Amino acid sequence: MILKGSQRSGGRDLAVHLMNSTDNEHVRLHELRGFASHDLKSAFLEAEAISLGTKCRQYLFSLSLSPPEYAALSEGAFERAIEAIETRLGLEGQPRAIVFHEKEGRRHAHCVWSRIDADTMTARPLPFFKKKLMEVSRDLYLEHGWQLPRGLESPAERNPTNFTLAEWQQAKRMGIDPRWLKSTLQACWNRSDGARAFAASLEERGFVLARGDRRGHVVVDHQGEVHSLSRALGLKTKDVRARLGEGDALPSVDAAKSLIASRMTPALKRHIEESRTQFLQRAATLSHYKMQMTHLHRAARQALEDRHAQEFLAETKERASRLPKGLRGLWHRITGRYQEVRVQNEREAKLSRERQAQERQRLIEAQLDQRRVLQAEIKALRARQARQLLELRADIARYLRFTRSDPSTDRQRSASLDLRLSRQ
């Protein structure tokens, strides 16, 4: 599974994030170990208070565990993975919290440790934790028989279309998949050997190569969004300039935006908006289905939790009745019968908890199967939208080439707009 860890502070904000049931369809606080508190926010505030007696600022270590999309892992499997990571990083016995999240038909876990050793009032060091997490991640893939991601096979095989948060937010404003944007620019770069060929290749996809104010070469799309070329390609600025030159002959960003705006036809704009409207309507329907499914699934889980609590309480009372009191209880202690009943009660309580955990896991897996069916429809809708927008971008590119190749178009536009100088 993919493991991402970080040393951090801000326990209050982290607790709010981990217990966020708005962005996550299901949130479950699975374990609080080593804290006096019984809720996540108070537990992290407790860890922060202890850290004030040290010089450590990043008093927490936060880890996310994401198995492959096709894998169905039990809570026990997550716990074993966390134990292995804890041992590898040297966090044994430290207070920790485990939270499970479910979203889009997938389940992942978060584990947060307090780094402060209360006995020595020092922070547990975490040298080379990223390298250690990668080694544990590779072991987990091999242990479960999952297909290794290319990035774990070799560092050189990592996905080149990974994107930053800023790029993701910009692409979200545009309504396209940022991975598609990066892969498109990289494909244009790979099949071009110079500035002219690269600009032409970009134009086929509806982009314009321009001269940035501070970022060197940039790419402007048909909506006027500006993208750093070196960042999208994963190259250094000097490597981009080595192939494309200094870019003095390229239009500025403002000129590129004006050029695109003058060439965009109302019909193509209307087609794009119509495509997005259709997508939003269908997406709203699927979102409504998802909301209904989430409410039903949450109600079923709550009903199961309530039933389990009632059953465990009744079983606990029954087990407690087996332990006699008074003189009879004293006699049982002398003869050793009391200890035998106590061991039997503990064994039955453990079996009861395991049975309830298995029943909860079966319900979760059944609900995840239902959610994956809906998620497949959502992904298919997104794919259709991406293909449709790609075709519209190709139409825009064809129009750009047409207007550039036909010099009479500019004369006709000038005449229709009456841009000639008047003589008085």
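Computed from a predicted model, the values in this text were never measured in an experiment.

### Focus on the sheet that holds strand β5 (residues 106–114)
Moving on, step 1. Ordered by their spatial adjacency, five strands build an open sheet running β1-β3-β5-β4-β2, and the pairing between neighbours is antiparallel. The sheet is open, and its two borders are formed by β1 (2–8) and β2 (26–33), each paired with just one other strand. Direction aside, the axes of adjacent strands within the sheet are offset by 15° on average.
Moving on, step 2. Two elements, strand β3 (residues 60–66) and β5, share six bridges in a ladder whose sense is antiparallel. Note on β5: the bridge partner recorded for L65 is A109.
Moving on, step 3. Taken strand by strand, helix α3 (residues 75–89) contacts β1, β2, β3, β4 (96–103) and β5, and its axis lies near 35° from that of β5.

### Details of the pattern of salt bridges
Moving on, step 1. Counting across every chain of the model gives 23 salt bridges.
Moving on, step 2. Between E311 and R307 there is a salt bridge, and its shortest N-O distance comes to 2.8 Å. Linking E311 with R307, this pair stays in helix α12 (residues 266–321), spanning four residues, or about one helical turn.
Moving on, step 3. Residue class for R307 comes out partly exposed when judged on its relative accessible area of 32%.
Moving on, step 4. Across the pair R319 and E315 runs a salt bridge whose closest N-O atoms are separated by 3.9 Å. Of this pair, R319 and E315 both sit in helix α12, four residues apart, which is roughly one turn of the helix.

### Regarding unusual backbone geometry
Moving on, step 1. Within the chain, M121 stands out as a residue other than glycine whose phi angle is a positive 55°.
Moving on, step 2. Given a relative accessible area of 31%, M121 falls into the partly exposed group.
Moving on, step 3. Here F128, not a glycine, exhibits a phi torsion of approximately 55°, which is positive.
Moving on, step 4. With respect to the secondary-structure elements, F128 resides in the loop between β7 (122–123) and α4 (129–144).

### Observations regarding the environment of H297
Moving on, step 1. Turning to its location among the elements, H297 is positioned in helix α12.
Moving on, step 2. Overall, the relative accessible area of 8% leaves H297 in the buried class.
Moving on, step 3. With 272 residues separating them in the primary sequence, H297 and E25 have C-alpha atoms 9.2 Å apart.
Moving on, step 4. Not counting residues within four places of it along the chain, the set of residues in contact with H297 comprises H26, Q367 and Q370.

### Quick notes on the sheet that holds strand β10 (residues 226–228)
Moving on, step 1. Spatially, β8-β9-β10 is the arrangement adopted by the three strands of the open sheet, whose pairing is antiparallel. Edge positions in the sheet fall to β8 (208–211) and β10, since each of these pairs with one other strand and no more. Geometrically, the sheet is characterised by an average inter-axis angle of 40° between neighbouring strands, direction not taken into account.

### With respect to the packing of aromatic side chains
How two aromatic rings sit relative to each other is given by the distance of their centres and the angle of their planes.
Moving on, step 1. Summed over the entire model, instances satisfying the criterion amount to five aromatic pairs.
Moving on, step 2. An angle of 75° between the planes, with centres 5.3 Å apart, marks the rings of F78 and F100 as edge-to-face. You can see F78 sitting in helix α3 and its partner F100 sitting in strand β4, a full 22 residues away along the chain. Comparing F78 with F100 shows no difference in burial state: the two are buried.
Moving on, step 3. The ring of F100 carries R107 above its face, with NZ or CZ at 4.6 Å from the centroid.

### Thoughts on the nonpolar core
Moving on, step 1. Ranked by internal contacts, the top residues of the largest apolar core, which has 27 residues, are M1, L3, F61, L65 and I85.
Moving on, step 2. Contributing elements (two or more residues each) for this core: β3, α3, β4, β5 and α4.
Moving on, step 3. Among the elements that line this core, the one with the most residues is α3, at six residues.
Moving on, step 4. Beyond its immediate chain neighbours, meaning those up to four positions away, I85 contacts L3, L63, L65, W113, L133 and V136.

### Points about the confidence of the model for the protein chain
Moving on, step 1. In this model, the protein chain carries an average pLDDT of 83, and 84% of its residues clear a pLDDT of 70 or more.
Moving on, step 2. Here residues 405–424 is modelled with pLDDT under 50, and outside its nearest four sequence neighbours on either side it reaches six contacts, counting other chains as well.

### Comments concerning the environment of A197
Moving on, step 1. Tracing the chain through its elements places A197 in helix α8 (residues 195–204).
Moving on, step 2. The class for A197 is partly exposed, based on a relative accessible area of 31%.
Moving on, step 3. In this structure the C-alpha to C-alpha distance between A197 and L244, which are 47 residues apart in sequence, comes to 9.7 Å.

What counts as what
Residues numbered from 1 in each chain as written. Predicted model: local features only at pLDDT ≥ 70, side-chain atom pairs only at ≥ 80, totals over all residues. Heavy atoms only, no water. Pairing = 2+ DSSP bridges. Helix = DSSP H or I, 4+ residues; strand = E, 2+ residues; numbered from the N terminus. Axes fitted to C-alpha atoms, helices over the stretch in contact; angles between N-to-C directions. Contact = heavy atoms within 4.5 Å. Salt bridge = Lys/Arg side-chain N within 4 Å of Asp/Glu carboxyl O. Buried < 20%, exposed > 50% of the residue type's maximum accessible area, 1.4 Å probe, protein only. Phe/Tyr/Trp six-rings, centres within 6.5 Å; stacked < 30°, edge-to-face > 60°. Lys NZ or Arg CZ within 6 Å of the ring centre and 35° of its normal. Core = buried A, V, L, I, M, F, W, Y, C linked by side-chain atoms within 4.5 Å. pLDDT = per-residue confidence, 0-100.

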